[in-house]
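Here are the chains, one letter per residue:
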Amino acid sequence: CAAGNDVTCNLALRRAVNFAVDRQAMIDNVLNGYGTQAFSVSDGMPWYNPAMEVAFDQAAARHAMEEGGWTLGSDGIYEREGVRASFSCYYAASDSVRQALAHEFANQMAEVGIEVTPVGSSWSRDENGLYARQYTDPVLWGWGANSPVELYTLHYGPSSGNYACYESTEVDAHLDAALAATTVEESYPEWQAAQWDGQNGFAPQGSASWVWLCNVDHLYFKREGLV
């Protein structure tokens, strides 16, 4: 789809951001330890590919930027062909956890020369809501369905849920093959190959189409005496 922006459309920057996220620090500082590091929409599932994992490494983040033609400016922010490594990150203002995650993310990116401006908004579908930004700017999303179909929704070329506007004929072929499998167990290798098959995929060493932060541990209350 015709979308995106001149900053996050750059592959080197997306890979750098993946390296620059200190997921454990987010869990410790924002979630008080109640969470786990996230590397995909399928963490811990049978169709998960460990190739999605990326270690926190600020030096690798800076190296990725410089290898991609970005130069550190006098203000400490990288630049490339007149474009600053600066973008907004939109989040639901009604959610204090997402607000804190967005600001922690911005603080971490500043340490490697990437400027992020957190912007609180609403889920309304008018011109000022988050959905107006879904195909052009980073949005702090969240999911929780334990289904491999989420991989399809988020990465298949024509899918309306493909917010990154990611396009890969190789990945689409893996996703189609996964859906065509006669059992869910037989689909696992194709789901995993869509993430990274050694040459193609949306993993950080591939197209790095997403940056995953953390999985939140949810607390539930149960009333005694319920049947």
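Our subject is the structure listed above.
This section reports on the structure supplied with the text. None of the values given here were measured: they were computed from a predicted structure.

### Focus: the overall build of the chain
Looking only at helices and strands, the chain has seven helices and seven strands in total. Scaling as 2.2 N^0.38, a compact globule of 227 residues should have a C-alpha radius of gyration of about 17 Å, and the chain matches this with 18 Å. Along the longest, intermediate and shortest principal axes, the C-alpha atoms of the chain span 60 × 50 × 35 Å. Of the contacts made within the chain by residues no fewer than 6 positions apart, 66% connect residues no fewer than 24 positions apart. The chain carries 11 positive and 29 negative side-chain charges, and their two centres are separated by 6 Å.

### Examining the pattern of salt bridges
Applying the stated criterion across every chain, the model contains five salt bridges. The salt bridge involving R80 is made with E81; its shortest N-O contact spans 3.9 Å. The class of R80 is partly exposed, set by a relative accessible area of 28%. A salt bridge links D95 to R98; the shortest N-O distance between them is 3.4 Å. Among the ionic contacts, a cluster of salt bridges with common partners joins D75, R84 and E115.

### Side note on the packing of helix α6 (residues 169–180) against helix α7 (residues 184–195)
At a minimum axis separation of 8 Å, α6 and α7 run at an interaxial angle of 160 degrees. In terms of axis orientation, α6 runs roughly antiparallel to α7. In the packing of α6 onto α7, the handedness of the crossing is left-handed. From α6, V171, H174, L175, A177, A178 and L179 reach across to α7, where they touch S187, E190, W191, A193 and A194. For the contact of α6 with α7, the class distribution of residues is eight nonpolar, two polar and one charged.

Criteria and cut-off values
- Residues numbered from 1 in each chain as written.
- Predicted model: local features only at pLDDT ≥ 70, side-chain atom pairs only at ≥ 80, totals over all residues.
- Heavy atoms only, no water.
- Helix = DSSP H or I, 4+ residues; strand = E, 2+ residues; numbered from the N terminus.
- Rg over C-alpha atoms; globule rule 2.2 N^0.38 Å.
- Contact = heavy atoms within 4.5 Å.
- Lys, Arg positive; Asp, Glu negative; His and termini not counted.
- Charge placed at Lys NZ, Arg CZ, Asp CG, Glu CD.
- Salt bridge = Lys/Arg side-chain N within 4 Å of Asp/Glu carboxyl O.
- Buried < 20%, exposed > 50% of the residue type's maximum accessible area, 1.4 Å probe, protein only.
- Axes fitted to C-alpha atoms, helices over the stretch in contact; angles between N-to-C directions.
- Parallel < 35°, antiparallel > 145°, perpendicular 65-115°, else oblique.
- Left-handed = near helix turned anticlockwise from the far one by under 90°.
- Nonpolar A, V, L, I, M, F, W, Y, C, P; charged D, E, K, R; others polar.

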